[in-house]
Every structure is written in C-alpha cells, then in structure tokens.
Amino acid sequence: MKRTAGGIALTCFMAWPGHAQVVKIWPGAAPGSEHWTQQERKVENTPLGTVVFNVVTPTLTAFLPDRAKATGTSVIIAPGGAFVALAIDLEGYDVARWLQKRGIAAFVLKYRIMEKRQEGIPAMSMDEAGQYGMADGIQALKVVRRRASEWGIASDRVGFLGFSAGAMVTSGALLQADSAARPDFAALIYGGPFGAMPPIPATLPPLFLAWAQDDAMALLPVMKFHDALASAGHKPEVHIFNAGGHGFGMRTQGTSSDHWINAFHYWLEAQGFTKPAGRSDRGSATKPG
C-alpha cells in the first residue's frame, strides 16, 4: 500500500531516561498554534505519576525494543487528560515500556493541549480543543512511517493507541478521509470522539475498544462511538470491564481492568502483529475492523 509521508520532522534528538529518543514532529512551529505563549510544565509524583501541562511543541518519545526481540510492529500512544493535561506516565511511558519489553516499538505522543488556567476541567468545545492534538496524531503517523527503516519497524504495521482524550486523538487519525494515511490498527481505551460524531468510513483497520461499566466520565460517548461503528458495519474487539472507573491506564486496582493490556496483546497476537514482520500471516489484520 502506498503511503503519503508528507512533512519532515526535525532531526533533533534529546536525551531521555532509558535511552529513549525524543523527536519534534513538525518542522518549526506546529501549524495553528504559532502564537501560543504558554510555557510547558510538568508535575511529578501525582496520583497519576508525572502529568504534563501547556504543551505547545508536540513530540514523539521512542521506546525501541532490542533488535533481537523486535517484531517490526509499532504503536503510537496518546495519553489522556481532557485536552488540558497529559497523564504521561500512567497512559504513556508505562504502556510504552510494557510493549517495548515484548518486541513492539512504542512512540509516546506529547500532543498540543489547551493552556491550564484553572483547577479542574473547564467548559469547552471538545472539537475545538482537540483539533490540535488530532492534527498532531495524523502528523505523528507520517513521521513514524517516514522513519520506519531507521527505527527498525515495518511501515505497514504502525498502530495507534489512545486513552480518553488521547482516544479522540486516535479517532482523528483513524477516521481521516485518506484511507492510506490511517493507522494499520487502532485501540481506543475509555474514549473516542467527545464532540460531534464524525462520519464513519466503510472500511477501517482492525479496532480494539475497552472501557469500564462504572466510568462516570466517558461511558456515554464511548458507547455512542461503539454504536456508530456497529451501525457502519464494523465489528471491533470490545472489552467491557465490570469495574475500573475512568483513567485506569496501567493502574493496579484489583479489578479485571488491570489486565486490559494483556487482552490488547492477545488481540495483536491474533491479528499477526506479534510475529516478526515478513513471517506472519496477517490475513485477518487487513480486513475492516
């Protein structure tokens, strides 16, 4: 399948714990936010681990597996935070390290979010707030595919995994009009389009959805998205946990939602994405989700 890479990421690398690489995804200021003046900041040791605010410059942090274990499969990870924060540990780096150990390259996307000016989540249009993060998600896919050979991954095995608002970012990449630019698989965890329901294409890559029944924040939008997918003829893999609440991420709570990532990995295995690229039968992975 032909890919349109588009855009050139800056070849600017910075040191990161665990030898991960950090790459800016836009050449220069990200389009649409050239005049933002807020200063990015992070708060460590919160109940969610490290949380990032006021992101202006979107980046990808690459967690590449040992070449001897590498499958060629990769996943872009978009953490959540209602577009005013990013739970960068619980729904980002912790997930990336788990996948990295299993031979899957992971790229944590630090996408643009609104300036944090008050406590809590302000009233705002999710479509307006999310437009920058969704643009960053689409650009991140282009960057990862463009640099696939450099990172030892297959350009046709690039997935997207998003949590809460990050799942809305994932939906932007998943539902874009250019089918060749969509991810090769996608997982949306307790999230999806939180604004107006976008058109659902007739063909989509394999999909994985997971949420908890006691999610007091996102249950209705998530179910609405699932129903829209079903109405369009799609049959995503769905895991609905009895308990876990919203934002369970990699948190251990003693509920079955603690094991969502194992279910995700089993699903990747069934799709052929855990076998080394070139030695797997991905017949089912090329069917609509």
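From a predicted model like this one, the values you see are computed outputs, not experimental measurements.

Draft legend 1. Broad picture of the overall build of the protein. Looking only at helices and strands, the protein has 6 helices and 10 strands in total. Restricting the contact set of the protein to residue pairs at least 6 apart, pairs at least 24 apart contribute 73%. On the protein, roughly 12,600 Å² of surface is accessible, and the fraction owed to carbon and sulfur atoms is 53%.

Draft legend 2. Structural view of the layout of surface pockets. Counted as a void, the largest pocket has a volume near 430 Å³. Taken together, 22 residues make up the lining of the largest pocket; nearest its centre are Leu-48, Gly-81, Ala-82, Ala-85 and Ile-121. Breaking the lining of the largest pocket down by element, the ones donating at least two residues are strand S3 (49-53) and helix H1 (89-101). Counted by class, the lining of the largest pocket contains 11 nonpolar, 6 polar and 5 charged residues.

Draft legend 3. Just the packing of H1 against helix H6 (residues 260-271), in detail. Viewed as axis vectors pointing N to C, H1 and H6 meet at an angle of 40 degrees, and their least axial separation amounts to 12 Å. Looking at the two axes, H1 sits oblique to H6. Considering how the two elements wind past one another, H1 and H6 form a crossing that is right-handed. The residues of H6 that touch H1, namely those facing Val-95, Trp-98 and Leu-99, are Trp-260, Ile-261, Asn-262, Phe-264 and His-265.

Draft legend 4. Examining the sheet that holds strand S1 (residues 21-24) more closely. Taken in spatial order, the 8 strands line up as S1-S4-S6-S5-S7-S8-S9-S10 in an open sheet, and their pairing is mixed. Only two strands of the sheet have a single neighbouring strand rather than two, namely S1 and strand S10 (237-241). Here the strands of the sheet are splayed against their neighbours by 15 degrees on average, with no regard to which way each runs. In this sheet, strand S9 (residues 207-212) lies alongside strand S8 (residues 185-189) in parallel orientation, the contact comprising 4 bridges. The residue bridging Ala-187 from the neighbouring strand is Phe-208, located in S9. Lying on the sheet, H1 is in contact with strand S4 (59-63), strand S5 (74-78), strand S6 (105-110) and strand S7 (158-163); it crosses S5 at an angle near 165 degrees. Along the sheet, helix H2 (residues 126-146) contacts S4, S5, S6 and S7; its crossing angle with S7, the most-contacted strand, is approximately 150 degrees.

Draft legend 5. Up close: helix H4 (residues 165-174). Of all 10 residues in H4, 10 are buried; the element is thus mostly enclosed. Along H4, the positions that sit buried rather than exposed are Ala-165, Gly-166, Ala-167, Met-168, Val-169, Thr-170, Ser-171, Gly-172, Ala-173 and Leu-174.

Draft legend 6. Main features of the nonpolar core. Counting residues in hydrophobic clusters, the biggest one holds 78 residues, and the most contacted among them are Ile-76, Ile-77, Leu-161, Ile-189, Trp-260 and Phe-264. Non-local contacts of Ile-189, meaning those with residues more than four positions away in its chain, are made with Leu-161, Gly-162, Phe-163, Ser-164, Ala-167, Phe-208, Ala-210, Phe-248 and Trp-260.

Draft legend 7. Inspection of the packing of aromatic side chains at higher detail. Going through the model one piece at a time under the given rule, you end up with 14 aromatic pairs. With 4.9 Å between their ring centres and 45 degrees between their planes, Phe-107 and Trp-151 make a pair best called tilted. With a gap of 44 residues between them, Phe-107 in strand S6 and Trp-151 in helix H3 (residues 148-151) connect regions that are remote in the sequence. Judged on exposure class, the residue Phe-107 and its partner Trp-151 are both buried. With centroids separated by 6.4 Å and ring planes inclined at 35 degrees, the aromatic side chains of Trp-260 and Phe-264 adopt a geometry described as tilted. Within this pair, Trp-260 and its partner Phe-264 are both found in helix H6, separated by 4 residues, close to a single helical turn. Here the aromatic residues Phe-163, Phe-185, Tyr-190, Phe-208, Phe-241, Phe-248, Trp-260, Phe-264, Trp-267 and Phe-273 are joined through ring pairs into a cluster of three or more. Residue placement shows Arg-41 over the ring face of Phe-53; its charged tip is 4.5 Å from the ring centre.

Draft legend 8. Representation of H6 within the structure. The terminal C-alpha atoms of H6 lie 17 Å apart, and with 12 residues this matches the ideal 16 Å at 1.5 Å per residue to within 8%. For H6, the full list of buried residues reads Trp-260, Ile-261, Ala-263, Phe-264, His-265, Trp-267, Leu-268 and Gln-271. Of the surrounding elements, those touching the buried residues of H6 are H1, S7, S8, S9 and S10. Backbone geometry just downstream of H6 places Gly-272 in the positive-phi region, at approximately 90 degrees.

Basis of the calculations
Residues numbered from 1 in each chain as written. Predicted model: local features only at pLDDT ≥ 70, side-chain atom pairs only at ≥ 80, totals over all residues. Heavy atoms only, no water. Helix = DSSP H or I, 4+ residues; strand = E, 2+ residues; numbered from the N terminus. Contact = heavy atoms within 4.5 Å. Areas by Shrake-Rupley, 256 points an atom, 1.4 Å probe, with all protein chains shown as cover. 1 Å grid on protein atoms, 1.4 Å probe; cavity = no way out; pocket = protein on both sides within 12 Å on 5 of 7 lines; lining within 4 Å. Points joined across faces, edges and corners; volume = space filled by probe spheres on them. Nonpolar A, V, L, I, M, F, W, Y, C, P; charged D, E, K, R; others polar. Axes fitted to C-alpha atoms, helices over the stretch in contact; angles between N-to-C directions. Parallel < 35°, antiparallel > 145°, perpendicular 65-115°, else oblique. Left-handed = near helix turned anticlockwise from the far one by under 90°. Pairing = 2+ DSSP bridges. Buried < 20%, exposed > 50% of the residue type's maximum accessible area, 1.4 Å probe, protein only. Core = buried A, V, L, I, M, F, W, Y, C linked by side-chain atoms within 4.5 Å. Phe/Tyr/Trp six-rings, centres within 6.5 Å; stacked < 30°, edge-to-face > 60°. Lys NZ or Arg CZ within 6 Å of the ring centre and 35° of its normal. Expected span 1.5 Å × (residues − 1).

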